[in-house]
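One-letter residues, chain by chain:
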2 protein chains.
Amino acid sequence: MDIKIIEGGITAPKGFRASGVHCGIRKSRTKRDLALIVSEKRAAAAAVYTTNLVKGAPLTVTKDHIADGYAQAVICNSGNANTCNADGIEVAEKMAALAGEALGIPAEDVIVASTGVIGQRLDISPIAAGIPALTAALGDTCEEAAEAIMTTDTVMKSVAVSFEIGGVECRMGGIAKGSGMIHPNMATMLVFLTTDCAIAPEMLKKALSADVKNTFNMVSVDGDTSTNDMVSVLANGLAGNEPITAEGEEFGVFMKALNTITVHLCRAIAADGEGATKLLECRVTGAKDEAAAKTAAKSVICSSLLKAAMFGADANWGRVLCAVGYSGADVDVTTADVKFISAAGEVAVCENGAGIDFSEELAKKVLSEDEIDILVGFRDGDASAAAWGCDLTYDYVKINGDYRT
Amino acid sequence: MDIKIIEGGITAPKGFRASGVHCGIRKSRTKRDLALIVSEKRAAAAAVYTTNLVKGAPLTVTKDHIADGYAQAVICNSGNANTCNADGIEVAEKMAALAGEALGIPAEDVIVASTGVIGQRLDISPIAAGIPALTAALGDTCEEAAEAIMTTDTVMKSVAVSFEIGGVECRMGGIAKGSGMIHPNMATMLVFLTTDCAIAPEMLKKALSADVKNTFNMVSVDGDTSTNDMVSVLANGLAGNEPITAEGEEFGVFMKALNTITVHLCRAIAADGEGATKLLECRVTGAKDEAAAKTAAKSVICSSLLKAAMFGADANWGRVLCAVGYSGADVDVTTADVKFISAAGEVAVCENGAGIDFSEELAKKVLSEDEIDILVGFRDGDASAAAWGCDLTYDYVKINGDYRT
């Protein structure tokens, strides 16, 4: 089960090309706003979507397009979410049609996604005008597409791995955007995954649905579940492995490769949360069951008070226990231990539900690093879980106090 | 059902005295940190508490003390929550014993409350040393006690009303603290209510439990449910009315008086949320049932993104609909209307789930006021609800980035 991190992002797997251009949806000319990902062969496709009752029009169109388990391309714009618009579906269908036409594939094989402001009509003209440049720019690099899907993100998020299925080398890559309105539920942000591994659509769907529960659904930047969250994966089979059609060792390797990609992107998304200066990872151990561990871990990551304390490098661990206590998780808080760990060391602050003496100086050092692990240990059982988030900063307020202008 | 707002806070009802002193729990000498409320007669008593699994020791002691439905005094310190401490119960019992001794009443008739940092041992010495001054200061003014329970609050919160039960004038008063870690569930913050109305303990409990569901449980400053939330009420019967022992018209008047007090304090708590510059009230109408209306209203009030937008006076209404959509409320978002209203006017921004043209200039004016109403209208039925919160500001981050120092 050797999973190697490699270069190349979504274009690392065989037969995938990508591009990104500035077509004019965003006023800023320096930021690309339209992305395209294409497989040279029709690929098994799966996606998971937001559970928000308000759903972006592109999600409805995508769901329809991949109902048969296959797709060949992804088109995505940033700068406008195409959500809560009377003509949203029509515009999303038009995006697919224009991309399909330019690529010589059916519109029904195009996945559509949008991210940006909600409730402003998305004008199709800049997209129509930009598509020739977009298709002309298709190539082996992933960066342009990764940039084109960004909104308030400050860094591009991409990763790729190689793994072996039945002795054949396969590759998988992913890009993501996600900085604010990040608190996915059953899906997340925008994440596009590609792989050349041959796998049946139903197994691809199974792998993705199982994985997101422990990865993207355990990330929160601000507790707000977006209307446009989507994770999609295209598997074109060009690696040449014997297709995965059932559970077993090979499906296990595939799941492991997928999880390597998704955890990497989760951490990248949390670390680049709007205004964030620190990546927070809460690891819960010793819980009665996985549900309790996950509920507790996510509650800690979501606490505004704890997030602000982490920004200030303040070891205010009472806020950790408080967040566990109101989470609804079935845990025995009177036996909880709490520790903070970072590259600068580790500091235990609470044992058996009560505070212990600790060095404030060491705590300050530990919490001044840019990646902080918050460990919460129970004595209820042996289930564990991890959740990812970031600190709450002045810049989060600044970014969101005037997003539209 | 005439409810009149009057002066006097918790000492407005007959037979109640209060005081507040600086005893030394807080380092700052300018801020009182120990409060006392006493009824000259043993009073019917009821309280509701946090649902956080982590519960402050004072709550356990109070629950025990008012199990018989009666109490005569309240002692409360700020600066330390007496929570997650190995000797917490012992210290809370000692607070009650010292107060009881000084007042010549049983310790079992004393309600105990604490608010402040979690997980630091509460030293009983300054409290013991302060009690003589505290009892000596007992008087007819409410301000000293209202100040002594404050933490990061910037204003005192007190209110009183008069009402008639069977032709007899009764009075009720309340004080509250609550600025951060405010997202009560079944109880809230620290709120102490007094009334001279004669009412049976079981009816008092019934009134309080019913009221908090629509008032304190609908307030959120930061989504964090405290470990020490408590609302208590003492009813000493000195108004001389025929005691209320069953539901009916008089119980209705009592509920109305109680609701006038609690809504006032809810608004005061939300407006003084940590770092807040604006009071937000979300009113949902036309929902299928009360549960849907409440869930939707509270979700809007809790959205970090919306709260930041309100700070920036940005009419980013997509965030309102987004928060309704992920709330879990059973509503039809495709028929939702959204309006912002303030003293500066009113601006409709969304109709039937889709954006409409509006004047950005007017919206900016409306949202620049310090009290903003967010109206969300559905066409699902005739249930409605209100929730209270505040904007998310730089100062919230500042206050909570380094609370302990």
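Structure shown above.
Residues numbered from 1 in each chain as written. Chains lettered and ligands numbered in written order. Predicted model: local features only at pLDDT ≥ 70, side-chain atom pairs only at ≥ 80, totals over all residues. Heavy atoms only, no water.

**Student:** Explain the packing of helix H1 (residues 57–65) of chain B against helix H2 (residues 88–103) of chain B to me, and be specific about the residues and the numbers.
**Tutor:** Residue and element names in this part refer to chain B. In the contact formed by H1 and H2, the axes pass within 8 Å of each other and the chain directions differ by 55°. Here H2 runs oblique to H1, going by the angle between their axes. In terms of crossing hand, the pair formed by H1 and H2 is right-handed. When H1 is examined against H2, the residues Ala-57, Pro-58, Thr-60, Val-61, Asp-64 and His-65 are found in contact with a partner set consisting of Gly-88, Ile-89, Ala-92, Glu-93 and Ala-96. (Axes fitted to C-alpha atoms, helices over the stretch in contact; angles between N-to-C directions. Helix = DSSP H or I, 4+ residues; strand = E, 2+ residues; numbered from the N terminus. Parallel < 35°, antiparallel > 145°, perpendicular 65-115°, else oblique. Left-handed = near helix turned anticlockwise from the far one by under 90°. Contact = heavy atoms within 4.5 Å.)

**Student:** Summarise the sheet that holds strand E11 (residues 337–342) of chain B; cite the residues concerned and give the values.
**Tutor:** All names here are of chain B. Taken in spatial order, the six strands make up an open sheet running E13-E12-E11-E14-E10-E15, and their pairing is mixed. Two strands bound the open sheet, and with one partner strand each, they are strand E13 (354–355) and strand E15 (383–390). Alignment of E11 against strand E14 (residues 371–377), held across five bridges, turns out to be antiparallel. Residue pairing for E14: Phe-340 is matched across the bridge by Ile-374. (Pairing = 2+ DSSP bridges.)

**Student:** Tell me what's going on with the interface of chain B and chain A, and back it up with residues and numbers.
**Tutor:** The interface of chain B with chain A comprises 52 residues on the first partner and 53 residues on the second. Summed over both partners, the interface of chain B with chain A buries about 4100 Å², with 59% contributed by carbon and sulfur atoms. Taken together, chain B and chain A are joined by zero salt bridges. At the junction of chain B and chain A, the tally comes to seven residue pairs in polar contact (both at pLDDT 80 or more). Among the elements of the structure, helix H8 (304–311), helix H9 (318–326), E13 and helix H11 (394–401) of chain B are those that each provide at least two residues to the side of chain B that touches chain A. Along the lines of polarity and charge, the residues of the side of chain B that touches chain A split into 25 nonpolar, 18 polar and nine charged. (Buried area = accessible area lost by both parts, 1.4 Å probe. Salt bridge = Lys/Arg side-chain N within 4 Å of Asp/Glu carboxyl O. Polar contact = N/O pair within 3.5 Å; in protein donor to acceptor, adjacent residues only side chain to side chain. Nonpolar A, V, L, I, M, F, W, Y, C, P; charged D, E, K, R; others polar.)

**Student:** Tell me about the environment of Lys-157 of chain A, and please be specific about residues and values.
**Tutor:** Residues and elements named next belong to chain A. By the element assignment, Lys-157 lies in strand E6 (residues 157–165). A relative accessible area of 1% means that Lys-157 is categorised as buried. Along the chain, Lys-157 and Leu-265 lie 108 residues apart, while their C-alpha atoms are 6.6 Å from each other. Lys-157 has contacts with Gly-174, Ile-175, Ala-176, Gly-178, Leu-265, Ala-268, Ile-269 and Asp-272, leaving out every residue within four places of it along the chain. (Buried < 20%, exposed > 50% of the residue type's maximum accessible area, 1.4 Å probe, protein only.)

**Student:** I'd like to hear about the sheet that holds strand E14 (residues 371–377) of chain A, residue by residue, with values.
**Tutor:** Residue and element names in this part refer to chain A. One open sheet accounts for six strands, arranged E13-E12-E11-E14-E10-E15; its pairing is mixed. Each having just a single partner strand, strand E13 (354–355) and strand E15 (383–390) make up the two edges of the open sheet. Across two bridges, the pairing between strand E12 (residues 345–351) and E13 is antiparallel. In the strand pairing of E13, Glu-351 is matched with Ala-354. Along the sheet, helix H10 (residues 360–367) contacts strand E11 (337–342), E12 and E14; its crossing angle with E12, the most-contacted strand, is approximately 120°.

**Student:** Let's hear about the environment of Leu-375 of chain A: which residues, and what values?
**Tutor:** All names here are of chain A. Among the structural elements, Leu-375 can be located in strand E14. On the basis of relative accessible area, Leu-375 is assigned to the partly exposed category, the value being 22%. Look past the residues within four positions of Leu-375 in its chain and what remains in contact with it is Arg-283, Asp-337, Val-338, Lys-339 and Ile-341.

**Student:** Can you explain the packing of helix H7 (residues 290–302) of chain B against H9 of chain B? Please cite residues and give values.
**Tutor:** All names here are of chain B. Here H7 crosses H9 at 130°, and the two axes come no closer than 8 Å. It follows that H7 is oblique to H9 by the angle criterion. Considering how the two elements wind past one another, H7 and H9 form a crossing that is right-handed. Of the residues in H9, those in contact with Ala-296, Ser-299 and Val-300 of H7 are Val-320, Ala-323, Val-324 and Tyr-326. Partitioning the contact of H7 with H9 into residue classes produces six nonpolar, one polar and no charged.

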